[in-house]
Structure formats: C-alpha cells, structure tokens
Amino acid sequence: MRRSPDHSIATIKRGICSCVHAQGARGKAHFMITWGVGLLLFPLALSGCGQGGGGTAATATSAMVGSASPTTPTANLLFKSNFGPDVVLSAPYGFYTGVTGGGGAWQKLTGTDKDTGYTWPVAALGSDFSGVQLITLDPVDASTVSAHITAEIQQVSGPQGPPVYELFQNVKIKAPAGPTPSGKGHAQAPLLIKRPWTIGDVKDLYVSYWFKHQADLATQLDSTVSSGNWRVQFEFKTGGATDPTTGLPYYGGDYRITTFVMKGTDEQLYWRAKADNVADGPWARVDYWQEENHAVPVPVDTWFKFEGYWHRSAGSDGRYWAAVNGQVIVDHHGPNMGDYNLPITRIFPVTAYSGGHANDTGTTIQSHMTGLEIWDGFPCGDGQSCYR
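Residues numbered from 1 in each chain as written. Predicted model: local features only at pLDDT ≥ 70, side-chain atom pairs only at ≥ 80, totals over all residues. Heavy atoms only, no water.

(A) Looking closely at unusual backbone geometry. Cis geometry marks the peptide bond from W120 to P121, where omega comes out at 0 degrees. For P121, the location among the structural elements is in the loop between β8 (119-120) and β9 (129-136). Here the phi dihedral of D280 falls at roughly 70 degrees; this positive angle occurs in a residue that is not glycine. Relative to the assigned elements, D280 resides in the loop between β16 (269-276) and β17 (287-293). By relative accessible area, which is 34% here, D280 ends up partly exposed. Not every positive phi belongs to a glycine, and N341 is a case in point at roughly 55 degrees. (Helix = DSSP H or I, 4+ residues; strand = E, 2+ residues; numbered from the N terminus. Buried < 20%, exposed > 50% of the residue type's maximum accessible area, 1.4 Å probe, protein only.)

Okay, here's the thing in structure tokens:
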C-alpha cells in the first residue's frame, strides 16, 4: 500500500548534465545534476553521452536519494529502487498459521520505479517473491493483521532534505523482551528477496541503501533481559535442505550471516556480525564466527548509508564486509559455506525484527529504508565504500 504524498516535488527545469557512466546491460547512460546539497542520478538515452552536450533535455519526476554511483564502476548494477512512483506494495495476502506457532502473510512489491527504470520483483537475482513478509505473534487474518504489523510506502524528508519515498515497516505486537515463548511467532517484518534454490548460488553481491532507526532504539533494546538486546540490520540465508519428514527439498538452509545492532551492559549500542547455520534447517545449531565493532557509532533517528558485500567460498577467499556511512564495521575473511554447500535463497536487506521491547512498553519496532541498490560486486573498488 502507498500513502499519499505529503509534499509536491519540484520539476527540474534545467541543469548542468555530465555523463558519468553507461550501463550497457540496459542500454542507458546515467547523468548527474547537482541540486542543492544532493545529487540527482537518473538514466537517459545512451545517445546523450559524449556528444558535446547535445543530449536530450531531462526532467526529474521525483526527488532522488542524495548518493551517486561511481564514475567508473568496477561492477554491474543489477537493481535500483527508490520506491518511487508506480512501485506498489500490495495489501496483505496468503495468510497462514506457523508450523511452530504464530501466523503471517505476504505483501509483494510490483511495478517499475520511474526514478530508476527497474521493475519489481528483482529479476536479476531470479526472485520469485520480492516484498515484505509479515510474521506475527499469533494467527491473523485480513481484519486483524494491521493491529500486529503494517508495511507501506510513504513520502518523508530524505537523507539530503528533499522528500523521498521510503519503505516503512512497523511491528506493533510481539512477545515481551527476550526469547519468544513456545507456540508463538517471532514477530517481524523483513523486506525479503526470495529465490528458488534450483537456480544456483549468489556468489558475489553488494547491497546498499539509506536507513533510519527509530528515536527510541536505545531504550527499546534491553541488556538486562536475556536475548533482549539485539536488532537485525541485514541478513541472508541459504535454502534447499532436505525436509526430514517429506524427503524433499524445502526452504530450510545450512548457513546465514546476520548484522545486528546490539546494546551492551554499559548501555551503549554497537555492531555485531555473526555466521551460523540457523537458516531454518533440520540440524543442531553451529556458530561459525562472530565479530563486534564498538568504534563505529550506531546512528539513531537520522539517515545513514548501509553497505553490505559477500563473496561466497569454502576457502580463505570467502568474505563478508559491511560499512556504515563509509566506516567499515566488519571485514571477515574465510570460509562462508554451510556443511551442505546450499545456495542463498533469502536475502533480507532490512527487517523490523528485535528481541527488545515493543507493545509491552508502548513502543513499536520500526524500519525506514530508501535508495536500494544491488550490484554484482564492489562498485567503487575492492573493499571501498561508495559513501560520499
């Protein structure tokens, strides 16, 4: 669902354009206009490049997120969306009851983003579903789901000031802080890019976006409660394991990597990245590695740029890297395949999911995101942030 815009967007009448790079796969070039404190980056016909400024005049239909792609990219842009005009988030559908408790539904993203020219779902990754999965504490239906979780596209003040469209997820009802009781659902609202296990792995991927944590994040997390001090930022999981009941492959996998916001006993927020086999597979838990970063601040109630990258390998060249506002929070090298070498089937760029407080203290778990980009490698050079 889309909330009606709160502000009109000024049309750019004229500007100084310069060709910054051609994206051959889509037959377009990207042009850049400097506007106030931000940059507008949008595609034009390829014939507009390198012709002494004689290209076709351009018009911007909505404010773009203030970040630009590299002038000489070292990877290929696979997908980009600002959740702009013509991107639609459906009403919840496909209501279900969880196997171990709780319930849920789905909200799919469809349409072509007029800002970027890319269409949902994410075809470059072979996605058979791109959208928000609603996982609720208790079973829900069309008349009750909005009391538990809502997701919508709405217009807000963006990272550079001018209005942008954001994907907003809001978990209103969850279990009290700490572990979820047996028979209840792990209430959350992830943005999910799902893909079949039969089409193979995603060996190299770089994902970036702008994100804003809620103002009360520090009090929503509780370090005095067991498992009440975490919030998920970014995650992927593998799939295609053999279901022990049916003997057939299913969504469960053998490996995941998660980046968390954590709250320490000193009441300070910090970053944690962790790899384990908790990907809904039928095996006992195995933790592979964990790294913490207490030096790079966790921004709260302000937009920040998150970047994540992985190279999958069973050898020492495996890598997981992430940065916040250009500062690296993890750069782990080493094997990052599960015991059964299963492929990545679920990518969660963002999710409203936390072990902390929510309705028990009168708050909710919120996710604000815009400016999603997906590349097949580091676009600004190996191990280099594109934050400007």
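There's plenty left to go through after this.
(B) Structural context of the state of the cysteines. This structure, assessed with the given rule, holds one disulfide. Covalent S-S linkage joins C380 and C386, the inter-sulfur distance amounting to 2.0 Å. Negative torsions about the S-S bond denote left-handed disulfides, and the value of about 120 degrees found for C380 with C386 makes this one right-handed. We classify C386 as buried; its relative accessible area is 7%. (Disulfide = S-S within 2.5 Å.)

(C) Seen up close, the pairing of strand β12 (residues 189-194). Counting buried positions along β12 yields five of six residues, so the element is predominantly enclosed. Pairing of β9 with β12, which is carried by four bridges, proceeds in the antiparallel orientation. Bridging across to β12, G131 finds its partner in L192. As defined by bridge partners, β12 adjoins strand β22 (residues 351-352) across two bridges and the pair is classed as antiparallel. Bridge assignment links A189 to a residue of β22, and that residue is A352. Taken together, the two bridges between β12 and strand β21 (residues 344-348) define a ladder with antiparallel strand orientation. Within β21, the position partnered with I193 by the bridge is I347. (Pairing = 2+ DSSP bridges.)

By themselves, these are just geometric observations and shouldn't be taken as functional.
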